[in-house]
Amino acid sequence: IESCSFSQLHSDMDRGDGSIKYILSGEGAGIVFTIDDTTGDIHAIQRLDREERSQYTLRAQALDRRTGRPMEPESEFIIKIQDINDNEPKFLDGPYVASVPEMSPVGTSVIQVTATDADDPTYGNSARVVYSILQGQPYFSVDSRTGLIRTALMNMDREAKEYYEVIIQAKDMGGQLGGLAGTTTVNITLSDVNDNPPRFPQKHYQMSVLESAPVSSTVGRVVAKDLDEGINAEMKYSLVDGDGLDVFDINTDPNYQVGIITVRKPLSFETKKSYTLKVEGANPHLEMRFLNLGPFRDTTTVHISVEDVDEPPVFEPSFYFVEVPEDVEIGTTIQMISAKDPDVTNNSIRYSIDRSSDPGRFFYVDITSGALMTARPLDREDVSWHNITVLAMELNNPSQVGSVSVTVKVLDVNDNAPEFARFYEAFVCENAKAGQLIQTVSAIDRDDPQEGQHFYYSLAPEAANNPNFTLRDNQDFVVRLQASRITRVEIAFIQKEMLKVLVLLILSMRRQRKQPYIIDEEENIHENIVRYDDEGGGEEDTEAFDIAAMWNPREAQLVVKNRQDMLPEIESLSRYVPQACVMDNNVHSYVLAKLYEADMDLWAPPFDSLQTYMFEGNGSVAESLSSLQSVTTDSDQSYDYLTDWGPRFKKLAEMYGATDSSGALW
């Protein structure tokens, strides 16, 4: 109401002649309400809203217009604002967000909404609110009185539709015609439940892996699709069948829910070329009310092919332990080292020694057979253990190299004479009594026999007949020299071994006087390789070299001398020799012995000489096979003896053994 008279004040002393003046004070006086000072009518000069202020307290008084004196005491009155339906219901908390599990039964509570009406609930139906659903049917319903939203449709599937927008209306006046209404939006999401079993999109997987793949390396991945999400989509993969259960393993990636197949054991293309696995994917978290929708697991088949890789040679066994006496001859085979190519191609193997493991070059390995031989004399007292590494290389692929450790224990041999611990010099008085101890001596031995050391002492032959002294052997490594009868004598004992060293020193000084090998400018010094491919005199041909030395390489005594020049690096020629041509062990021993002798000989000529002898000729069992001198005249020659030579000469005997009647062979 605005500018409307709704009340009037009147004093009993007012005669209507205008002598009385009315004034108004209090809440809203002069702003919301005003009064006519002559008639006393009260007017509202602003719009009134009960929801803002429901009542006003005012005071009024009648004054004498001329004197301004109060004609009556001041009176107080209250103006109450009467409500009308001018406010629609409002949802103060909207819009709303709610969720409900999918597949929930009909009538499951989702959320309760509340609308507020600002009108006076005690006056009429202005504040009586009724709820209804404008959008969201037939999926949801709302209680008209409480505003509680419930599910109205069974088997709502999140995988089919996940989000719903529901509009709720609240209307006052009890929902009657003419009532005011307000609306709100409720966004409802269906939360996931485990109602979908996992399924592999393909029933067969084909994978491949190199046979050199290390353990725990990844072969491939499989994935089972699950329409659910979160914990309901978690997977657990396992191997349930197949011929590779002990060779492969499978793990679950928790981030992407995929199954990762890995190598569990080393693979070998030569042993097995393919494997078949049956993989199962299952949900670990199940809900009992949805078990009828299962089973919540699925399987797929994985075929894994192993691809061949060129692998290095493999030694069998993987470690060698050899015991060898220290007096073994040079060139003696102490162990056969064996390696093979694990690949299908089975390439030929070439053996060698890692020289960093044998810097002293005590050993040699045959390049084709793998025979490990001694190349230098062994001395347990210098080096009792040798740890060498033998390498095996593929002939067609030198980059493929395998290795094996060979531990050589040098066994003790009694090859060292006892030595006196020090130089002894004794003095004795001429009046010493018989039996008086003059000197105690002891000896040591570098050898280490299993039964222990046993020394026997005696006087040297030149002192054995001396009646002045006797030697007492205590059998405890110690000997006592005693006086028998005394003359004035000074005794000095020099060890026998010291005398030997002195003699060797004198001989060495004499040899130093020799002139070193001087190269004659007119003499052509070069590496001389002599190869006999033609027929020779066989074993009887001794002009180039005495072949008997090859059968008895120890006939010439080796004099151990230290060369002062660099040791020659002689590359093995075995690689150039055909596979079928393998040297006899005697030849190996001879070559290695001569090589060691050349390395140690200070005066050997600075070139290497190689003679190749083919054992054929007059000195061989078959004698000469040459046909150059088989027919010296026109007379016929008998070849009947060819039949006695065995099956190797059968064809030759058939060709020449019988004489044609025509008498002409060509």
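Conventions adopted
- Residues numbered from 1 in each chain as written.
- Predicted model: local features only at pLDDT ≥ 70, side-chain atom pairs only at ≥ 80, totals over all residues.
- Heavy atoms only, no water.
- Helix = DSSP H or I, 4+ residues; strand = E, 2+ residues; numbered from the N terminus.
- Buried < 20%, exposed > 50% of the residue type's maximum accessible area, 1.4 Å probe, protein only.
- Contact = heavy atoms within 4.5 Å.
- Pairing = 2+ DSSP bridges.
- Axes fitted to C-alpha atoms, helices over the stretch in contact; angles between N-to-C directions.
- Phe/Tyr/Trp six-rings, centres within 6.5 Å; stacked < 30°, edge-to-face > 60°.
- Lys NZ or Arg CZ within 6 Å of the ring centre and 35° of its normal.

K.L.:
In this structure, what is going on with the overall build of the protein? I would like to understand it.
P.N.:
Along the backbone of the protein there are five helices and 37 strands. Evaluated residue by residue, the protein yields a buried proportion of 33% over its 666 residues. Considering only contacts within the protein whose residues lie at least 6 apart along the sequence, 67% involve residues at least 24 apart.

K.L.:
Would you explain the pairing of strand β28 (residues 385–394) in this entry?
P.N.:
Two faces, one strand: in a regular strand the side chains alternate between the faces of the sheet. Judged by which residues are buried, β28 turns out to be one-sided: H386, I388, V390, A392 and E394 face inward and are buried, whereas W385, N387, T389, L391 and M393, on the alternate face, are not. Taken together, the five bridges between strand β25 (residues 349–353) and β28 define a ladder with antiparallel strand orientation. Bridge pairing in β28 links S352 to L391. With nine bridges connecting them, β28 and strand β29 (residues 401–411) associate as antiparallel partners. From the neighbouring strand, L391 faces β29, where its bridge partner is S403. Between β28 and the antiparallel strand that follows it, β29, lie six residues.

K.L.:
Even after reading the chapter, I still don't get the sheet that holds strand β17 (residues 248–253), so can you show me in this structure?
P.N.:
The pairing of strands in a sheet comes from backbone hydrogen bonds and takes either a parallel or an antiparallel form. With antiparallel pairing, the three strands of this open sheet are ordered in space as β15-β18-β17. The open sheet is flanked by β15 (218–222) and β17, the only strands paired with a single partner. Each neighbouring strand pair of the sheet contributes to a mean axis angle of 25°, computed without reference to strand direction.

K.L.:
I'm lost on unusual backbone geometry in this one. Help?
P.N.:
Most peptide bonds are trans, and most residues other than glycine sit at a negative phi. In this structure, P95 follows G94 across a cis peptide bond, with omega equal to -5°. With respect to the helices, strands and loops of the structure, P95 is situated in the loop between β6 (75–80) and β7 (96–101). Looking along the chain, the bond that leaves G294 and enters P295 is cis, with omega of 10°. Structurally, P295 can be placed in the loop between β19 (274–282) and β20 (297–307). For M173, which is not glycine, the phi dihedral falls at a positive 60°. You can see M173 is positioned in the loop between β12 (163–171) and β13 (181–191). Despite not being glycine, Q257 shows a phi value in the positive range, around 55°. For Q257, the location among the structural elements is in the loop between β17 and β18 (258–263). When its relative accessible area of 18% is taken as the criterion, Q257 is described as buried.

K.L.:
Can you walk me through the environment of M655 in this structure?
P.N.:
Note that M655 resides in helix α5 (residues 650–656). Residue classification places M655 among the partly exposed residues on the basis of a relative accessible area of 48%. Sequence separation of M655 and Y639 is 16 residues, and the distance between their C-alpha atoms is 9.4 Å.

K.L.:
Explain the packing of aromatic side chains to me, please; I cannot follow it from the model alone.
P.N.:
To describe a pair of aromatic rings, one takes the distance between the centres and the angle between the planes. This structure, assessed with the given rule, holds eight aromatic pairs. With 5.1 Å between their ring centres and 80° between their planes, F33 and Y56 make a pair best called edge-to-face. In this pair, F33 is assigned in strand β3 (residues 33–35) and Y56 in strand β5 (residues 55–64), connecting sequence segments 23 residues apart. The class of F33 is buried, set by a relative accessible area of 0%. The interplanar angle of 40° and the centroid separation of 6.1 Å between the aromatic rings of F321 and W385 together place this pair among those described as tilted. One end of the pair, F321, is in strand β22 (residues 319–325); the other, W385, is in strand β28, with 64 residues separating them in the sequence. Overall, the relative accessible area of 42% leaves F321 in the partly exposed class. Through a chain of ring-to-ring contacts, the aromatic side chains of Y139, F140 and Y164 assemble into a single cluster. Just above the ring of F269 sits the side chain of K273; from NZ or CZ to the centre is 4.9 Å.

K.L.:
Is there a simple way to explain the sheet that holds β22 in this structure?
P.N.:
Here four strands make up an open sheet; going across it, the order is β22-β29-β28-β25 and the pairing mixed. Every interior strand has two partners, whereas the edge strands, β22 and β25, have only one. Strand-to-strand twist in this sheet, taken as the mean axis angle between neighbours without regard to direction, amounts to 30°.

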